[in-house]
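Here's the letter readout for the chains.
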Amino acid sequence: MKIGIVCYPTFGGSGVVATELGMALSRRGHEIHFITYKQPVRLEQLSHNIHFHEVNVPEYPLFHYQPYELALSSKLVDMVKLHKIEVLHVHYAIPHAYAGYMAKKMLEEEGIYLPMVTTLHGTDITLVGNHPFYKPAVTFSINSSDVVTSVSQSLKADTLRLFNVKREIDVVPNFIDTTKYTQSISNCQRSMLAQSDERIITHVSNLRKVKRVRDVIMIFYEIQKNLKSKLIMVGQGPEREMAEELVQELVLEDKVLFLGESHEIDQVLSYSDLFLLPSEKESFGLAALEAMVNGVPVISTNTGGLPEVNKQGFSGYLSDVGEVSEMAANAIHILQDDATLKRFKENARKQAFIFDVYSVVPLYENLYLKALDIT
Ligand code: GMT
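Residues numbered from 1 in each chain as written. Predicted model: local features only at pLDDT ≥ 70, side-chain atom pairs only at ≥ 80, totals over all residues. Heavy atoms only, no water.

## Some remarks on unusual backbone geometry
What you tend to see is this: most non-glycine residues have negative phi, and most peptide bonds are trans. To be explicit about the condition: Numbering of helices and strands starts at the N terminus; helices are DSSP runs of H or I of at least 4 residues and strands are runs of E of at least 2.
Cis geometry marks the peptide bond from Ile94 to Pro95; its omega dihedral reads -10°. Tracing the backbone through its elements, the reader meets Pro95 in helix H3 (residues 93–109). Even without being a glycine, Tyr92 presents a positive backbone phi close to 80°. Within the secondary structure, Tyr92 is located in the loop between strand E4 (87–91) and H3.

## Brief notes about the packing of aromatic side chains
Aromatic rings in a pair are described by how distant their centres are and how their planes are angled relative to each other. Rule in force here: Here a Phe, Tyr or Trp ring, Trp counted by its six-membered ring, pairs with any other such ring whose centre lies within 6.5 Å, and the pair is stacked when the planes are under 30 degrees apart, edge-to-face when over 60, and tilted otherwise. Three exposure classes are used, based on accessible area relative to the maximum for each residue type with a 1.4 Å probe and protein chains only: buried under 20%, partly exposed in between, and exposed over 50%.
Summed over the entire model, instances satisfying the criterion amount to seven aromatic pairs. Centre to centre, the rings of Tyr8 and Tyr37 are 6.4 Å apart; their planes meet at 65°, and the pair counts as edge-to-face. With Tyr8 in the loop between strand E1 (2–6) and helix H1 (13–27) and Tyr37 in the loop between strand E2 (31–36) and strand E3 (50–54), the pair connects residues that are 29 residues apart, well separated along the chain. You can call Tyr37 partly exposed: its relative accessible area is 35%.

## Section: the side chain of Ser150
Going by this rule: Whenever a nitrogen or oxygen atom comes within 3.5 Å of another N or O atom, the pair is scored as a polar contact, on the condition that within protein one atom can donate a hydrogen and the other can accept it, and that pairs from neighbouring residues in sequence are kept only if both atoms are in side chains. We call two residues in contact when some of their heavy atoms are within 4.5 Å.
Along the chain, Ser150 turns up in strand E6 (residues 147–150). At 2.9 Å, the side chain of Ser150 forms a polar contact with the backbone oxygen of Ser152. In this structure Ser150 touches Leu120, Leu155, Lys156, Ile169, Asp170, Val171 and Val172, once residues within four positions along its chain are discounted.

## Points about the sheet that holds strand E10 (residues 256–260)
Heads up, the rule is: Pairing between strands is defined by DSSP: at least two bridges between the two strands are required. Helix axes are fitted to C-alpha atoms over the stretch in contact, other axes to C-alpha atoms as well, and angles between N-to-C directions run from 0 to 180 degrees.
Ordered by their spatial adjacency, six strands build an open sheet running E10-E9-E8-E11-E12-E13, and the pairing between neighbours is parallel. For this open sheet the edge positions go to E10 and strand E13 (316–319), each flanked by a neighbour on one side alone. The sheet shows a mean angle of 20° between the axes of neighbouring strands, taken without regard to direction. Two strands pair when backbone bridges link them, and strand E9 (residues 229–234) and E10 are joined in this way by four bridges, in the parallel orientation. Within E10, the residue paired with Val234 across the bridge is Gly260. Sheet strands in contact with helix H8 (residues 213–226) are strand E8 (199–204), E9, E10 and strand E11 (274–277), and its direction is about 165° off that of E9.

## Focus on the nonpolar core
Inclusion rule: Residues enter a nonpolar core if they are buried and are Ala, Val, Leu, Ile, Met, Phe, Trp, Tyr or Cys, with the set joined through side-chain atoms within 4.5 Å. How far each domain reaches was decided by an automatic or database domain assignment.
Counting 89 residues, the largest nonpolar core has Phe34, Ile35, Leu72, Phe175, Phe275, Leu289 and Tyr368 as its most contacted members. Taken domain by domain, the makeup of this core includes at least three residues from each of domain 1 (2–175 + 356–374) and domain 2 (179–355). In contact with Phe175, not counting residues within four places along its chain, are Val17, Glu20, Leu21, Leu286, Leu289, Phe355, Asp356, Val357, Val360, Val361 and Tyr364. Of all hydrophobic cores here, the second largest spans 32 residues; its members include Met242, Ala243, Leu252 and Val324.

## Some details on the packing of helix H11 (residues 286–293) against helix H14 (residues 338–352)
Inclusion rule: Should an angle fall under 35 degrees it is taken as roughly parallel, and over 145 as roughly antiparallel, whereas 65 to 115 is taken as roughly perpendicular and any remaining angle as oblique. By definition, any crossing whose near helix is turned counterclockwise from its far helix by less than a right angle is left-handed, and any crossing with a clockwise turn is right-handed. Put simply, Ala, Val, Leu, Ile, Met, Phe, Trp, Tyr, Cys and Pro go in the nonpolar bin, Asp, Glu, Lys and Arg in the charged bin, and everything else, Gly too, in the polar bin.
Close contact between H11 and H14 brings their axes to 7 Å; oriented N to C, the two are set at 120°. Classified by the angle between their axes, H11 and H14 sit oblique to one another. Classified by chirality, the crossing of H14 by H11 is left-handed. Counting all contacts with H11, which are made through Leu289, Met292 and Val293, the residues of H14 involved are Ala348, Arg349, Gln351 and Ala352. Residue composition of the contact of H11 with H14, by class: five nonpolar, one polar and one charged.

## Focus on the sheet that holds E1
Here seven strands make up an open sheet; going across it, the order is E3-E2-E1-E4-E5-E6-E7 and the pairing parallel. Where the open sheet ends on each side, the last strands, each with one partner, are E3 and strand E7 (169–171). Each adjacent strand pair in this sheet contributes to an overall mean axis angle of 25°, direction not counted. Here H3 sits on the sheet in contact with E1, E4 and strand E5 (116–120), set at roughly 170° to E5.

What follows is the structure, given as structure tokens:
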């Protein structure tokens, strides 16, 4: 199939899922066209059946807000006609499903039918899309999609609760290519981050409010009182300054490392002993899955789709949002002795295999076929 993928070209979340999906589909013989404003971060190689088409928005002084949706829908029309794209898969409803619908309508005028699959990722439903200023447009674009998917059962339930959705929603979880992770840890590289007798605890996110970065630091504060340990903070975002100030206040500067955005997340994870994800909301928690496939147990909240990913007492522990003391106690339990840690590490890796790319990507292929049948 010739598949157009629209996504955010970001370091994490929906952008990563869309990019990994496109690359997996190309390996299965499909022709993939990424259409977005910048080359997706994880799209390392443009092979013969992967193409990237940049959406440019010309600046004009009249516009306080540059009309990205307009430029995206025009680009979609052009690319569909030029490359004979058969199906469009948009990731993150805002504004991609809306722009995709406009492209569909423009193409219909020319007798071209373009089925559209919309994947809901989380904040497009639970935080942003739900705002009254966006809700009518988001509801409309979900209902105008030919196929709608959500990344967890929990997000499906949220969508049905918050929006008047008339479409069936298929749950297709986030996935991971388990063959990419060999777990070969070089002690020499690990020693750049921590001493051999220190546990390494990691948090990876876009450091937004929803990630409860303060809780990450406070959980670590409790852990380091009991165990020799280091905290590695990976990612960039609005809460970083607050987190750095808190680290200073708690006199943890020697124990906490802020790496910013990194292309070496898997390497950092492969040295890590524990992953912290105390989010307020998390429709799936791809970062937790990436940790688990690297054999890193997860201390998370039990919000949203996290209980579908992290298994209580097996791959880690889950607590109510804000339960910092409980999360710290569970972390200490996992880290306290080598045998317990080894067991949790093995379990985390086993749990990640449930979400292997080879079982999940065919689900999307079937949905593309379903979408092609509908139109
Ligand atoms: O985590 C974020 O804030 C980024 C966001 C996104 O859309 O890029 O992530 C959402 O989509 C991911 C991929 O499906 C999910 O794994 C995350 O759980 C989800 N984030 C939230 O629900 C907060």
